[in-house]
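Each chain, written out:
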Amino acid sequence: MSEPVSVAEFLAARRPRRADAARNFDALLTAAREAFAEHGAEASLEDIARRAGVGIGTLYRNFPTRRHLFEAVYANEVEDLGRVAAELTDRPSWDALNTWLRRFVDYAMTKRAIREALQGEESAVFVACRISMYDSGTPLLRRAQQDGVVRTDMDMDDLLRMVSGIASVAFPDDRQRAKVLAIALDGIRPRP
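Computed from a predicted structure; not experimentally measured.

The rules we used
Residues numbered from 1 in each chain as written. Predicted model: local features only at pLDDT ≥ 70, side-chain atom pairs only at ≥ 80, totals over all residues. Heavy atoms only, no water. Helix = DSSP H or I, 4+ residues; strand = E, 2+ residues; numbered from the N terminus. Rg over C-alpha atoms; globule rule 2.2 N^0.38 Å. Buried < 20%, exposed > 50% of the residue type's maximum accessible area, 1.4 Å probe, protein only. Contact = heavy atoms within 4.5 Å. Areas by Shrake-Rupley, 256 points an atom, 1.4 Å probe, with all protein chains shown as cover. Lys, Arg positive; Asp, Glu negative; His and termini not counted. Charge placed at Lys NZ, Arg CZ, Asp CG, Glu CD. Phe/Tyr/Trp six-rings, centres within 6.5 Å; stacked < 30°, edge-to-face > 60°. Polar contact = N/O pair within 3.5 Å; in protein donor to acceptor, adjacent residues only side chain to side chain. Core = buried A, V, L, I, M, F, W, Y, C linked by side-chain atoms within 4.5 Å. pLDDT = per-residue confidence, 0-100. Expected span 1.5 Å × (residues − 1). Arc of directions from axis to C-beta.

A. Layout of the overall build of the chain. The helix and strand inventory of the chain stands at nine helices and zero strands. From first element to last, N terminus to C terminus, the chain shows the α and β order α-α-α-α-α-α-α-α-α. Its C-alpha radius of gyration of 18 Å places the chain within 12% of the 16 Å reference for a compact globule of 192 residues. Its C-alpha atoms give the chain principal-axis dimensions of about 60 × 35 × 30 Å. Within the chain, the proportion of its 192 residues that are buried is 45%. Counting only contacts in the chain whose residues sit at least 6 apart along the sequence, the fraction spanning at least 24 positions is 68%. A total of about 10,100 Å² of accessible surface is found on the chain, and carbon and sulfur atoms cover 50% of it. For the chain, the distance from the average site of its 28 positive side-chain charges to the average site of its 29 negative ones is 2 Å.

In C-alpha coordinates:
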(Lines give C-alpha, C1' and ligand atoms only; values in the text may rest on other atoms or scores of the structure.)
Protein backbone atom coordinates (compact mmCIF):
# COMPACT_ATOMS: atom_id res chain seq x y z
CA MET A 1 0.00 0.00 0.00
CA SER A 2 1.36 3.43 -0.90
CA GLU A 3 1.71 6.39 1.47
CA PRO A 4 -1.56 8.20 2.16
CA VAL A 5 -2.03 11.62 0.66
CA SER A 6 -4.32 14.20 2.17
CA VAL A 7 -7.88 14.19 0.94
CA ALA A 8 -7.59 17.82 -0.18
CA GLU A 9 -4.41 17.03 -2.16
CA PHE A 10 -6.02 14.02 -3.78
CA LEU A 11 -9.03 16.03 -4.97
CA ALA A 12 -6.96 19.07 -5.99
CA ALA A 13 -4.72 16.87 -8.13
CA ARG A 14 -7.75 15.52 -10.00
CA ARG A 15 -9.91 18.65 -10.25
CA PRO A 16 -9.41 20.39 -13.60
CA ARG A 17 -7.97 23.91 -13.59
CA ARG A 18 -10.35 25.50 -16.12
CA ALA A 19 -13.50 26.85 -14.45
CA ASP A 20 -15.95 25.13 -16.82
CA ALA A 21 -14.14 21.80 -16.53
CA ALA A 22 -14.03 22.14 -12.71
CA ARG A 23 -17.80 22.77 -12.68
CA ASN A 24 -18.34 19.60 -14.73
CA PHE A 25 -16.06 17.65 -12.35
CA ASP A 26 -18.02 18.87 -9.32
CA ALA A 27 -21.37 18.21 -11.03
CA LEU A 28 -20.25 14.65 -11.79
CA LEU A 29 -19.24 14.09 -8.15
CA THR A 30 -22.63 15.32 -6.94
CA ALA A 31 -24.52 13.25 -9.49
CA ALA A 32 -22.47 10.14 -8.70
CA ARG A 33 -23.01 10.51 -4.94
CA GLU A 34 -26.77 10.74 -5.49
CA ALA A 35 -26.80 7.82 -7.92
CA PHE A 36 -24.69 5.62 -5.63
CA ALA A 37 -26.94 6.45 -2.67
CA GLU A 38 -30.03 5.51 -4.71
CA HIS A 39 -28.79 2.55 -6.76
CA GLY A 40 -25.59 1.36 -5.10
CA ALA A 41 -22.29 0.84 -6.83
CA GLU A 42 -23.97 -0.50 -9.95
CA ALA A 43 -25.47 2.90 -10.78
CA SER A 44 -25.28 3.58 -14.49
CA LEU A 45 -22.43 5.83 -15.61
CA GLU A 46 -24.68 7.12 -18.38
CA ASP A 47 -27.26 8.10 -15.75
CA ILE A 48 -24.57 9.87 -13.73
CA ALA A 49 -23.44 11.85 -16.78
CA ARG A 50 -27.06 12.72 -17.61
CA ARG A 51 -27.73 13.88 -14.01
CA ALA A 52 -24.62 16.06 -14.17
CA GLY A 53 -25.74 17.57 -17.46
CA VAL A 54 -22.66 16.37 -19.36
CA GLY A 55 -21.88 13.74 -21.96
CA ILE A 56 -20.41 10.34 -21.16
CA GLY A 57 -17.13 11.46 -22.76
CA THR A 58 -16.80 14.20 -20.15
CA LEU A 59 -17.33 11.65 -17.41
CA TYR A 60 -14.58 9.41 -18.81
CA ARG A 61 -12.19 12.35 -19.31
CA ASN A 62 -12.51 13.13 -15.61
CA PHE A 63 -12.80 9.54 -14.37
CA PRO A 64 -11.22 7.03 -16.77
CA THR A 65 -12.45 4.08 -14.72
CA ARG A 66 -15.31 3.42 -12.34
CA ARG A 67 -12.70 3.09 -9.56
CA HIS A 68 -11.47 6.65 -10.23
CA LEU A 69 -15.03 7.88 -9.84
CA PHE A 70 -15.59 5.86 -6.66
CA GLU A 71 -12.42 7.19 -5.04
CA ALA A 72 -13.19 10.79 -5.97
CA VAL A 73 -16.77 10.58 -4.65
CA TYR A 74 -15.53 8.97 -1.44
CA ALA A 75 -12.81 11.61 -0.95
CA ASN A 76 -15.26 14.42 -1.71
CA GLU A 77 -17.69 13.09 0.91
CA VAL A 78 -14.91 12.97 3.51
CA GLU A 79 -13.77 16.47 2.56
CA ASP A 80 -17.35 17.66 3.08
CA LEU A 81 -17.39 16.02 6.53
CA GLY A 82 -14.26 17.97 7.42
CA ARG A 83 -15.78 21.20 6.14
CA VAL A 84 -18.94 20.61 8.17
CA ALA A 85 -16.87 19.94 11.31
CA ALA A 86 -14.97 23.20 10.81
CA GLU A 87 -18.23 25.13 10.37
CA LEU A 88 -19.61 23.72 13.63
CA THR A 89 -16.86 24.84 16.00
CA ASP A 90 -18.87 27.84 17.27
CA ARG A 91 -22.04 25.84 17.97
CA PRO A 92 -22.80 24.29 21.36
CA SER A 93 -20.89 21.02 21.63
CA TRP A 94 -23.91 18.67 21.59
CA ASP A 95 -25.47 20.43 18.60
CA ALA A 96 -22.14 20.38 16.76
CA LEU A 97 -21.55 16.66 17.33
CA ASN A 98 -25.17 15.75 16.57
CA THR A 99 -25.16 17.74 13.31
CA TRP A 100 -21.86 16.20 12.21
CA LEU A 101 -23.04 12.67 12.98
CA ARG A 102 -26.23 13.19 10.96
CA ARG A 103 -24.08 14.28 8.02
CA PHE A 104 -21.89 11.23 8.68
CA VAL A 105 -24.93 8.99 8.10
CA ASP A 106 -25.25 10.40 4.56
CA TYR A 107 -21.56 9.74 4.00
CA ALA A 108 -21.82 6.20 5.39
CA MET A 109 -24.60 5.31 2.96
CA THR A 110 -22.47 6.43 0.00
CA LYS A 111 -19.41 4.71 1.48
CA ARG A 112 -21.23 1.39 1.73
CA ALA A 113 -22.02 1.36 -1.99
CA ILE A 114 -18.45 2.25 -2.91
CA ARG A 115 -16.83 -0.21 -0.53
CA GLU A 116 -19.06 -3.03 -1.80
CA ALA A 117 -17.96 -2.29 -5.35
CA LEU A 118 -14.29 -2.27 -4.43
CA GLN A 119 -14.74 -5.39 -2.27
CA GLY A 120 -12.99 -3.94 0.76
CA GLU A 121 -9.79 -2.92 -1.05
CA GLU A 122 -7.64 -0.47 0.92
CA SER A 123 -5.95 2.21 -1.14
CA ALA A 124 -3.93 5.23 -0.08
CA VAL A 125 -7.03 7.32 -0.78
CA PHE A 126 -9.17 5.29 1.63
CA VAL A 127 -6.49 5.44 4.32
CA ALA A 128 -6.25 9.22 3.92
CA CYS A 129 -10.04 9.48 4.08
CA ARG A 130 -10.24 7.49 7.32
CA ILE A 131 -7.53 9.66 8.92
CA SER A 132 -9.24 12.85 7.76
CA MET A 133 -12.65 11.72 9.02
CA TYR A 134 -11.33 10.87 12.47
CA ASP A 135 -9.34 14.12 12.56
CA SER A 136 -12.47 16.15 11.85
CA GLY A 137 -14.86 14.31 14.18
CA THR A 138 -12.67 13.61 17.20
CA PRO A 139 -12.42 17.24 18.36
CA LEU A 140 -16.23 17.50 18.28
CA LEU A 141 -16.56 14.38 20.43
CA ARG A 142 -13.86 15.49 22.88
CA ARG A 143 -15.43 18.94 23.27
CA ALA A 144 -18.83 17.37 23.95
CA GLN A 145 -17.24 15.04 26.50
CA GLN A 146 -15.43 17.93 28.19
CA ASP A 147 -18.72 19.84 28.37
CA GLY A 148 -20.33 16.85 30.08
CA VAL A 149 -22.96 16.27 27.39
CA VAL A 150 -21.52 12.97 26.08
CA ARG A 151 -20.32 9.89 27.96
CA THR A 152 -16.58 9.74 28.57
CA ASP A 153 -16.32 5.94 28.35
CA MET A 154 -16.34 5.95 24.55
CA ASP A 155 -14.08 7.11 21.77
CA MET A 156 -14.55 8.13 18.15
CA ASP A 157 -14.12 4.56 16.93
CA ASP A 158 -17.00 3.39 19.17
CA LEU A 159 -19.19 6.25 18.03
CA LEU A 160 -18.55 5.87 14.30
CA ARG A 161 -19.07 2.12 14.41
CA MET A 162 -22.44 2.63 16.11
CA VAL A 163 -23.56 5.27 13.62
CA SER A 164 -22.19 3.27 10.66
CA GLY A 165 -24.21 0.29 11.84
CA ILE A 166 -27.37 2.35 11.81
CA ALA A 167 -26.54 3.73 8.37
CA SER A 168 -26.02 0.22 7.00
CA VAL A 169 -29.46 -1.05 8.01
CA ALA A 170 -32.26 -0.90 5.45
CA PHE A 171 -35.09 1.32 6.69
CA PRO A 172 -38.45 1.80 5.00
CA ASP A 173 -37.87 5.58 4.94
CA ASP A 174 -35.52 8.33 6.08
CA ARG A 175 -37.85 9.30 8.92
CA GLN A 176 -37.41 5.95 10.64
CA ARG A 177 -33.62 6.07 10.13
CA ALA A 178 -33.58 9.52 11.76
CA LYS A 179 -35.69 8.23 14.66
CA VAL A 180 -33.39 5.24 15.29
CA LEU A 181 -30.33 7.51 15.07
CA ALA A 182 -31.88 9.89 17.62
CA ILE A 183 -32.53 6.97 19.99
CA ALA A 184 -28.93 5.79 19.62
CA LEU A 185 -27.51 9.28 20.12
CA ASP A 186 -29.60 9.63 23.25
CA GLY A 187 -27.67 6.59 24.50
CA ILE A 188 -24.35 8.45 24.32
CA ARG A 189 -25.56 11.11 26.73
CA PRO A 190 -24.29 10.76 30.30
CA ARG A 191 -26.67 9.19 32.78
CA PRO A 192 -27.91 11.46 35.59
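B. Fine view of the packing of aromatic side chains. Scanning the entire structure with this criterion turns up three aromatic pairs. On the numbers, 5.0 Å between centres and 55 degrees between planes, the contact of F36 with F70 is tilted. Taken together, the positions of F36 in helix α2 (residues 19-39) and F70 in helix α5 (residues 66-87) put the pair 34 residues apart, joining distant regions of the chain. In this pair, the class of F36 matches that of F70, namely buried.

C. Region of interest: the side chain of T138. Position of T138 among the secondary structure elements: in helix α7 (residues 124-146). A polar atom in the side chain of T138 sits 2.7 Å from the backbone oxygen of Y134.

D. Local environment of the nonpolar core. Within the largest apolar cluster, 62 residues are counted, with the highest numbers of intra-cluster contacts made by F36, I48, L97, W100, F104 and L159. Of all the secondary-structure elements, those providing two or more residues to this core are α1 (7-14), α2, α3 (45-52), α5, α6 (93-118), α7, α8 (156-168) and α9 (174-186). Setting aside its immediate chain neighbours within four residues, W100 contacts L81, V84, A85, L88, M133, S136, G137, L140, M156 and L160.

E. Looking closely at the side chain of E77. Summarising the element assignment, E77 is placed in helix α5. E77 sits in the buried class, given a relative accessible area of 1%. A polar contact of 3.0 Å, which involves the side chain of E77, links it to the side chain of R33.

F. View of the confidence of the model for the chain. Mean pLDDT for the chain: 87, with 92% of residues reaching 70 or above. Summarising per-element confidence for the chain, the mean pLDDT is lowest in α1 (79) and highest in α3 (96).

G. Structural detail: α8. Between the first and last C-alpha of α8 there are 18 Å, a value that for 13 residues agrees with the 18 Å anticipated at 1.5 Å per step. Those residues of α8 that sit buried are M156, L159, L160, V163, I166 and A167. Taken around the axis of α8, the buried residues stretch over an arc of 120 degrees, which confines them to a single face. The distance from a side-chain oxygen at the start of α8 to the backbone nitrogen of D157 is 3.1 Å, and the residue carrying that oxygen is D155.

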